[in-house]
Amino acid sequence: MPRFSSEHGLIVSMNPKSSIAESYRLLRTKIQFSFKDQEARTVMVTSSQGGEGKTTTISNLAIAYAQEGKKVLLIDADLRKPSLHRIFPQLNHQGLSSLLTGHCSIQDAVQPTDFEHLDLLPSGPVPGNPSELIDSAAMHQLLQQQKQQYDVLLVDTPAVLAASDAVIVSSLCDGVIMVAAPGKVRKEHLKKAREQLEHVHARMLGVVLNRVV
């Protein structure tokens, strides 16, 4: 997987000719080539702990896919500290949590972004039982249904060591990308996070070394 810095926001859109933007496109290509017999339809992006740049990484990756003409649904499955609705400025009055609890429809929850081919399913209100909602038949059904509507589903989750949510989601996805920030993450934490994902037979696609210039 490529190495890059994600300190520059939505760099794929803001400066598409930069080396950093090209790294995100390379990441997209490497994910696609990781699947020889089938196309990657659901990809989860996470990290071992918070603050390593996973949300900026998945945001730029989503734009890279959309720029290729893929119809993309970006899902904020971080029901604890959601942030995608701020990166792609949208209201967060309803979203994934509302959908999983039956308080809104998919049509009401999904929001178009300013980027062609890219839609956002924000987290919705922070619930009292995020793990239970993530580990529900409704979540599994949602992903299966939206795979029929979109070319690619990209799922942002809490850090693996922060909550069980990421491990649960990983078992529902075709592949997992781990974002790691050298100098911030400890090797033992990265190893522990990977072991937790492999325990549920998550398909690890690779590790992105973030904030490397």
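Student: How would you summarise the overall build of the protein chain if you had to cite specific residues and measurements?
Tutor: If you tally the helices and strands in the protein chain, you get ten helices and eight strands. Against the globule reference of 17 Å for 213 residues, the protein chain gives a C-alpha radius of gyration of 16 Å, in line with a compact fold. Its C-alpha atoms give the protein chain principal-axis dimensions of about 45 × 40 × 35 Å. Relative to its full complement of 213 residues, the protein chain shows a buried share of 54%. Of the contacts formed within the protein chain by residues at least 6 apart in sequence, a portion of 78% connects residues at least 24 apart.

Student: Which residues make up the side chain of Asp174, and what values do they have?
Tutor: Structurally, Asp174 can be placed in the loop between helix H9 (165-170) and strand S7 (175-180). Buried and unpaired, Asp174 has no salt bridge, with Lys147 as the nearest side chain of opposite charge at 4.3 Å. Look past the residues within four positions of Asp174 in its chain and what remains in contact with it is Phe35, Glu39, Ala40, Arg41, Thr42, Lys147 and Arg203.

Student: Provide a residue-level description of the confidence of the model for the protein chain, including the pertinent values.
Tutor: Interpretation of this model should avoid reading the predicted coordinates in detail wherever pLDDT is low. Here the protein chain shows a mean pLDDT of 89. Residues at 70 or above account for 93%. The model gives residues 1-8 a pLDDT under 50, and that stretch makes 42 contacts with residues more than four places away or in other chains.

Student: Could you give an account of the pairing of strand S8 (residues 204-210), naming the residues involved and the relevant values?
Tutor: With five of its seven residues buried, S8 lies for the most part within the structure. Note: S7 against S8, five bridges, orientation parallel. Paired with Val176 across the two strands is Met204, which belongs to S8. Note that the unit made of S7, helix H10 (residues 187-199) and S8 has a crossover that is right-handed.

Student: I'd like to hear about the side chain of Thr46, residue by residue, with values.
Tutor: Among the structural elements, Thr46 can be located in strand S2 (residues 42-47). There is a polar contact of 3.0 Å between the side chain of Thr46 and the backbone oxygen of Pro158. Apart from the residues within four sequence positions on either side, Thr46 is in contact with Lys54, Thr157, Pro158, Ala159, Val160, Ala166, Val176, Ile177, Met178, Val179 and Leu197.

Student: Can you lay out the packing of aromatic side chains for me, pointing to particular residues and giving the numbers?
Tutor: Taken as a whole, this structure holds one aromatic pair when the rule is applied. Look at Phe88 and Phe115: their rings are 5.9 Å apart centre to centre, the planes differ by 85 degrees, and that puts the pair in the edge-to-face class. A residue pair is termed long-range when its members are at least 10 positions apart, and Phe88 in the loop between helix H4 (84-87) and helix H5 (96-100) and Phe115 in the loop between strand S4 (111-112) and strand S5 (118-121) qualify at 27 residues. Just above the ring of Tyr150 sits the side chain of Lys71; from NZ or CZ to the centre is 5.0 Å.

Student: Can you explain the environment of Ala66? Please cite residues and give values.
Tutor: Here Ala66 shows up in helix H3 (residues 54-67). Residues Ala66 and Val152, spaced 86 residues apart in sequence, show a C-alpha to C-alpha distance of 9.2 Å. Apart from the residues lying within four places of it in its own chain, the contact partners of Ala66 are Val72, Glu116, His117 and Leu118.

Student: How would you sum up the nonpolar core? Please name residues and give values.
Tutor: Judged by nonpolar contacts, the single largest core of 32 residues is most densely connected at Leu96, Leu121, Ile134, Met139 and Leu197. Mapped onto this core, the elements with two or more residues apiece are strand S3 (72-76), H5, helix H7 (130-134), helix H8 (137-146), strand S6 (152-156), H9, S7 and H10. The element contributing the most residues to this core is H9, with four residues. In this view, Leu121 contacts Leu73, Leu74, Ile75, Asp76, Gly95, Leu96, Leu99, Ala109, Val110 and Leu142; residues no more than four positions away in its chain are not counted.

Cut-offs and rules
Residues numbered from 1 in each chain as written. Predicted model: local features only at pLDDT ≥ 70, side-chain atom pairs only at ≥ 80, totals over all residues. Heavy atoms only, no water. Helix = DSSP H or I, 4+ residues; strand = E, 2+ residues; numbered from the N terminus. Rg over C-alpha atoms; globule rule 2.2 N^0.38 Å. Buried < 20%, exposed > 50% of the residue type's maximum accessible area, 1.4 Å probe, protein only. Contact = heavy atoms within 4.5 Å. Lys, Arg positive; Asp, Glu negative; His and termini not counted. Salt bridge = Lys/Arg side-chain N within 4 Å of Asp/Glu carboxyl O. pLDDT = per-residue confidence, 0-100. Pairing = 2+ DSSP bridges. Right-handed = clockwise from strand over helix to strand, strands pointing away. Polar contact = N/O pair within 3.5 Å; in protein donor to acceptor, adjacent residues only side chain to side chain. Phe/Tyr/Trp six-rings, centres within 6.5 Å; stacked < 30°, edge-to-face > 60°. Lys NZ or Arg CZ within 6 Å of the ring centre and 35° of its normal. Core = buried A, V, L, I, M, F, W, Y, C linked by side-chain atoms within 4.5 Å.

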